[in-house]
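An overview of the molecular structure
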Amino acid sequence: HSLAIKKNGDLYAWGSNAYQQLGLDSVDKPDTDNPYQTTLKKVRGGVAEVASNGMHTIIRTKHGSLITFGNDAMGQCGTGSFKPTEDGAKLAIVG
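We now turn to the structure provided with this report. (Residues numbered from 1 in each chain as written. Predicted model: local features only at pLDDT ≥ 70, side-chain atom pairs only at ≥ 80, totals over all residues. Heavy atoms only, no water.)

**Concerning the overall build of the protein chain**
- Along the backbone of the protein chain there are 0 helices and 7 strands.
- When its helices and strands are written in sequence order, the protein chain yields β-β-β-β-β-β-β.
- Evaluated residue by residue, the protein chain yields a buried proportion of 32% over its 95 residues.
- Nonlocal contacts in the protein chain, meaning residues at least 24 apart in sequence, comprise 34% of its contacts between residues at least 6 apart.
- Accessible surface for the protein chain amounts to roughly 5500 Å². Of this, 52% is attributable to carbon and sulfur atoms. (Helix = DSSP H or I, 4+ residues; strand = E, 2+ residues; numbered from the N terminus. Buried < 20%, exposed > 50% of the residue type's maximum accessible area, 1.4 Å probe, protein only. Contact = heavy atoms within 4.5 Å. Areas by Shrake-Rupley, 256 points an atom, 1.4 Å probe, with all protein chains shown as cover.)

**With respect to the side chain of His-56**
- By the element assignment, His-56 lies in strand 5 (residues 56-61).
- Given a relative accessible area of 10%, His-56 falls into the buried group.
- With sequence-adjacent residues up to four places away left out, His-56 is seen in contact with His-1, Gln-21, Ala-51, Phe-69, Gly-70, Asn-71, Gln-76 and Cys-77.

**Describing the pairing of strand 4 (residues 47-52)**
- Here strand 4 pairs with strand 5 via 5 bridges, running antiparallel. Opposite Ala-51, over in strand 5, you have Ile-58 as the bridge partner.
- Linking two consecutive strands that pair antiparallel, namely strand 4 and strand 5, is a turn of 3 residues. (Pairing = 2+ DSSP bridges.)

Printed below as a string of structure tokens:
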């Protein structure tokens, strides 16, 4: 999948959505070759940075929150559930 951030902080995604890694509002959304705006409710104030691999996505909001979504089978989303995170998981980072 691919991701792009507009200047205003809106995040757009396209490609494979097999693990809900596009951040769309429904797990029923299929793979797409058209960019769709990510609809995660936890993303307020816009996206500052984004990183991804083939099955999950991590974003940092302009307010500094980290949000992950997609395949969490090996714990890569940091949720502790080992299940796909279609609605985004807001992470509490200690350090």
